[in-house]
Amino acid sequence: MSSPLLELRGCTIRFGGLTAVSNLSQSIESGELVGMIGPNGAGKTTVFNIITGVYKPTDGNVLFQGKSITNLQPYQITKAGIARTFQNIRLFQSMSVLDNVRVAFNKNLRTKLFSAIAHMPAQAQEEEDVLEESMKMLQMFDLTSVKDERSGSLPYGAQRRVEIVRALATKPRLLLLDEPAAGMNPTEKVDLMQLIKRIRDALNISILLIEHDMKFVMGICERIFVLDYGEKIAEGSPERIQSDPRVIEAYLGDQE
Amino acid sequence: MLKTHRDKIIFLCGIALVLILSRFTDSINAYYFQIIIYIGINIILAESLNLINGFTGQFSLGHAGFMAVGAYTSAAITYYIGPHLIHGHSPVGEQLFFFTALLAGGCLAAFVGLLVGVPSLRLKGDYLAIVTLGFGEIIRVIMQNLNFVGGPRGFSGIPFYTTFAWTYVFVIVVIFLTENLMRSTYGKGFLAVRDNEIAAEAMGINTTKYKVVAFVISAFFAGIAGGLFAHYLTYIKPDNFTFLKSIEIVVMVILGGMGSTVGAVFAAIVLTILPELLRTVAEYRMVIYALLLIILMLTRPQGIFGGRIDWTKLGKKLRREKKSS
């Protein structure tokens with residue numbers, strides 16, 4: 001049996017006396033669309049930060065394509081093939097939308113510093129390829145018309161889309177989306193849902209997403225797991241999660 | 001493709017223009033000539049510091065240190081090795097030798113930039129500024145205690161090599177290379193580090209490496225500027241490279257607008273000429289200079305050319321305002 005794309009093995013992280021994530025084991029297969037839900041403060045973003053190397057787990061291991069990435073730096077993990085977006089948007093605000101996407105191509109550049117300084121022919125050719133690919137990606141997200149706008153000046157929904165394009169431009173095998181639909185109106189949410197599905201099918205990548213909008217999560221995820229106080233309390237198909245008594249209790253409190 | 005050729009043509013035209021202009025510099029009054037050379041050196045310094053402070057968003061106060069390393073290294077080479085190498089009169093050989101000495105000064109400065117960069121670039125903001133400030137002072141104190149380069153008495157007898165042509169060829173080369181870098185996809189990485197370090201890491205950018213690279217390139221250019229400075233004055237002393245010099249360069253970058261090449265060039269020109277113009281008011285000179293800086297920063301904190309200026313939009317906006325009024 002081949003190993004899963006991503007595997008968390010007994011990951012625990014403590015900040016002083018607080019155990020933010022406790023003994024979490026979870027795997028994600030190639031091509032899967034998985035949702036992670038849970039009440040506020042359940043440790044969802046912390047899980048993302050463990051996967052992407054922002055935090056080192058106190059205990060446990062993170063494996064990506066069968067290899068441990070637990071002790072890698074965030075940029076090395078991105079290079080290995082995991083990209084993410086942020087809950088509070090982190091665009092390169094002063095740069096144009098197009099340049100935001102171009103930054104993501106850095107990790108795969110063949111021509112390096114000196115050819116960039118001297119503007120060698122090989123580098124000029126690569127620049128054109130990067131430009132072309134960036135434009136293709138922007139087109140997929142309907143952002144070509146704003147490519148020269150300062151990314152910080154875009155409306156909120158468009159900024160979220162730029163963040164996703166930028167993450168995809170690093171050519172990941174696994175994409176982590178932290179509340180991609182936050183702050184969007186219902187029509188934008190429906191569009192985004194279809195878009196996420198389309199990306200997954202077109203690029204054949206796995207997606208793990210955090211989202212509070214239940215209609216959204218239930219609508220697109222094939223599998224969902226639920227965190228509460230840093231512990232996994234349930235896992236399964238959307239239907240099973242909806243009827244799971246522990247999940248209902250975590251969200252709505254005890255029935256008494 | 002057309003665009004890349006356009007840049008090269010502009011570059012070659014610039015070099016040609018410098019070479020043509022250099023034919024006429026003999027007739028210029030020595031005082032004006034000196035100002036012209038200082039402007040060139042300051043442009044190189046400002047544009048190189050722009051790489052660190054403007055494009056990469058780090059705050060360095062040690063630029064005079066890199067300049068000093070370049071100045072002393074190249075001067076020591078031309079002073080000590082020059083007489084042994086240059087026999088008879090071979091002007092071409094002499095110029096080539098000067099060029100090599102300048103590059104050597106730049107390389108040593110770059111190496112020092114690497115030494116400073118690797119441990120200190122884990123620091124951010126104010127902390128980094130203080131470390132680089134300390135570094136600049138260390139360089140100055142070392143020079144003060146090295147007797148073979150004159151120690152506190154200064155280093156005199158450096159051959160006079162810096163001409164108009166040398167200075168401005170380097171100005172054009174530095175601007176051209178920096179612009180190339182900043183327009184490239186690789187160069188966008190520096191801007192990404194400035195805008196949001198966490199996101200840059202998430203894009204697969206090794207932020208520490210990019211910061212060190214910015215320091216090294218910047219130090220290299222500063223070292224060259226130092227070499228030009230030494231071979232123009234023919235006499236340098238550690239006091240030329242106090243942290244006041246560093247601050248002067250930082251002011252140029254901020255005044256011109258962080259991360260703007262046009263701004264750095266413009267500010268270097270203005271801030272070199274301004275103190276000279278103000279000589280007429282004698283003792284009030286520095287007061288007025290400081291006041292002008294304060295007024296400018298209050299009215300345009302992003303610097304003269306800072307932020308993105310979109311001329312077409314500005315034009316539209318002005319027209320709209322006219323209509324509505």
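Residues numbered from 1 in each chain as written. Chains lettered and ligands numbered in written order. Predicted model: local features only at pLDDT ≥ 70, side-chain atom pairs only at ≥ 80, totals over all residues.

1. Description of the overall build of chain B
Link 1 in the chain: Of regular secondary structure, chain B possesses 13 helices and 2 strands.
Link 2 in the chain: What you see for chain B is a C-alpha radius of gyration of 21 Å, in line with the 20 Å of a compact globule of 325 residues.
Link 3 in the chain: Based on the C-alpha atoms only, the size of chain B along its principal axes is roughly 75 × 50 × 50 Å.
Link 4 in the chain: Going through the 325 residues of chain B one by one, you find that 47% of them count as buried.
Link 5 in the chain: Sequence-distant contacts, at least 24 apart, represent 82% of the contacts inside chain B between residues at least 6 apart. (Helix = DSSP H or I, 4+ residues; strand = E, 2+ residues; numbered from the N terminus. Rg over C-alpha atoms; globule rule 2.2 N^0.38 Å. Buried ≥ 20, exposed ≤ 12 C-beta atoms within 10 Å, placed from the backbone. Contact = placed C-beta atoms within 7 Å.)

2. Thoughts on the overall build of chain A
Link 1 in the chain: Looking only at helices and strands, chain A has 10 helices and 10 strands in total.
Link 2 in the chain: A globule of 256 residues ought to have a C-alpha radius of gyration of about 18 Å, and chain A, at 19 Å, matches this closely.
Link 3 in the chain: Once the C-alpha set of chain A is aligned to its principal axes, its extents read approximately 70 × 40 × 40 Å.
Link 4 in the chain: In chain A, which comprises 256 residues, the proportion classed as buried is 41%.
Link 5 in the chain: Partitioning the contacts of chain A with sequence separation of at least 6, the portion at a separation of at least 24 is 65%.

3. Side note on the interface of chain A and chain B
Link 1 in the chain: The partner chain B presents 24 residues to the 33 residues of chain A that form the contact.
Link 2 in the chain: Going through the elements one at a time, α2 (74-80), α3 (97-104), α4 (113-118) and α5 (121-140) of chain A are the ones with two or more residues in the side of chain A that touches chain B.

4. What about the sheet that holds strand β3 (residues 33-37) of chain A?
Residues and elements named next belong to chain A.
Link 1 in the chain: Pairing is mixed in the open sheet, where 6 strands are placed in the order β6-β7-β8-β3-β9-β10. The open sheet has two free edges, formed respectively by β6 (82-84) and β10 (231-236), since each of these has just one partner strand. Across this sheet, the average inter-strand angle for adjacent strands is 20 degrees, counted without regard to direction.
Link 2 in the chain: Both β6 and strand β7 (residues 174-178) contribute to a ladder of 3 bridges, which runs parallel. Looking at the pairing, Ala83 lines up with Leu175 of β7.
Link 3 in the chain: Lying on the sheet, helix α10 (residues 245-252) is in contact with β9 (223-228) and β10; it crosses β10 at an angle near 130 degrees. (Pairing = 2+ DSSP bridges. Axes fitted to C-alpha atoms, helices over the stretch in contact; angles between N-to-C directions.)

5. Description of the sheet that holds strand β2 (residues 18-28) of chain A
The strands that make up a sheet pair up through hydrogen bonds in the backbone, lying either parallel or antiparallel.
All names here are of chain A.
Link 1 in the chain: As summarised here, the arrangement of the 4 strands in space is β2-β1-β4-β5, forming an open sheet in which the pairing is antiparallel. Because the sheet does not close on itself, it has two edges, and the strands there are β2 and β5 (67-68).
Link 2 in the chain: Pairing between strand β1 (residues 6-15) and strand β4 (residues 59-64): 5 bridges, direction antiparallel. The residue of β4 that forms the bridge with Glu7 is Leu63.
Link 3 in the chain: Relative to the sheet, helix α1 (residues 44-51) contacts β1, β2 and β4, its axis offset from that of β2 by approximately 65 degrees.

6. Re the domain arrangement of chain A
Residues and elements named next belong to chain A.
Link 1 in the chain: Each domain of chain A was delimited in the assignment, giving domain 1 (1-81 + 172-256) and domain 2 (96-171).
Link 2 in the chain: For domain 1 and domain 2, the distance between their C-alpha centres works out to 27 Å.
Link 3 in the chain: Every contact between the two is made by 10 residues of domain 1 and, on the other side, 9 residues of domain 2.
Link 4 in the chain: Mapped onto the side of domain 1 that touches domain 2, the elements with two or more residues apiece are α2, β7 and α7 (186-203). (Domains from an automatic or database assignment.)

7. Examining the environment of Asn204(A)
All names here are of chain A.
Link 1 in the chain: Mapped onto the secondary structure, Asn204 falls in the loop between α7 and β8 (206-210).
Link 2 in the chain: Using a count of 10 C-beta atoms within 10 Å as the deciding quantity, one classes Asn204 as exposed.
Link 3 in the chain: The spatial distance from the C-alpha of Asn204 to the C-alpha of Glu32 is 9.0 Å, given a sequence separation of 172 residues.

8. Notes on the pairing of β9(A)
It is a general feature of regular strands that their side chains alternate between the two faces of the sheet.
Residue and element names in this part refer to chain A.
Link 1 in the chain: In the sheet, β3 pairs with β9 via 4 bridges, with the strands oriented parallel. Paired with Met36 across the two strands is Phe225, which belongs to β9.
Link 2 in the chain: Relative to β10, β9 runs antiparallel, the two being bridged by 5 bridges. The residue of β10 that forms the bridge with Leu227 is Lys232.
Link 3 in the chain: Hairpin connection of β9 to β10: 2 residues between the antiparallel strands, including Tyr229 at a positive phi of 45 degrees.

9. A short note on the environment of Ile117(A)
Link 1 in the chain: Position of Ile117(A) relative to the elements: it lies in helix α4.
Link 2 in the chain: Those residues in contact with Ile117(A), other than ones at most four positions away along the chain, are Leu177(B), Asn180(B) and Leu181(B).

10. Some thoughts on the pairing of β2(A)
Link 1 in the chain: Of the pairings in the sheet, the one linking β1(A) to β2(A) comprises 7 bridges and is antiparallel in character. Bridge pairing links Phe15(A) to Leu18(A) in β2(A).

11. Notes on the packing of helix α10 (residues 243-256) of chain B against helix α11 (residues 261-277) of chain B
Residues and elements named next belong to chain B.
Link 1 in the chain: Contact pair α10 / α11: the axes reach a minimum separation of 8 Å and the direction vectors enclose 125 degrees. The angle between the axes of α10 and α11 places the two elements in the oblique class. For α10 against α11, the interelement crossing comes out right-handed. The residues of α11 that touch α10, namely those facing Val251, Met252, Val253, Leu255 and Gly256, are Gly263, Ala264, Phe266, Ala267, Ala268 and Leu271.
Link 2 in the chain: Partitioned by chemical class, the residues of the contact of α10 with α11 number 9 nonpolar, 2 polar and no charged. (Parallel < 35°, antiparallel > 145°, perpendicular 65-115°, else oblique. Left-handed = near helix turned anticlockwise from the far one by under 90°. Nonpolar A, V, L, I, M, F, W, Y, C, P; charged D, E, K, R; others polar.)

12. A look at unusual backbone geometry
All names here are of chain A.
Link 1 in the chain: Positive phi is not limited to glycine here, since Asn23 has a value of about 45 degrees.
Link 2 in the chain: Here Asn23 lies in strand β2.
Link 3 in the chain: Residue Asn23 is classed as partly exposed on the basis of its 15 C-beta neighbours within 10 Å.
Link 4 in the chain: The backbone of Tyr229 sits at a positive phi, close to 45 degrees, despite the residue not being glycine.

13. Thoughts on α5(A)
Link 1 in the chain: Between its first and last C-alpha atoms α5(A) spans 29 Å; for 20 residues at 1.5 Å apiece the expected length is 28 Å, and the two agree.
Link 2 in the chain: Listed as buried for α5(A) are Gln123(A), Glu126(A), Glu127(A), Val130(A), Ser134(A) and Leu138(A). Each buried residue of α5(A) sits inside an arc of 110 degrees when the element is viewed along its axis, so together they form one side. Turned more than 90 degrees away from the buried face of α5(A) sit Pro121(A), Ala122(A), Glu128(A), Asp129(A), Glu132(A), Lys136(A) and Gln139(A), all of them exposed.
Link 3 in the chain: Where α5(A) is buried, its residues touch α3, α4 and α6 (156-169) of chain A together with α7 (185-195) of chain B.
Link 4 in the chain: Just downstream of α5(A), Asp142(A) is the residue with a positive phi angle, here 60 degrees. (Expected span 1.5 Å × (residues − 1). Arc of directions from axis to C-beta.)

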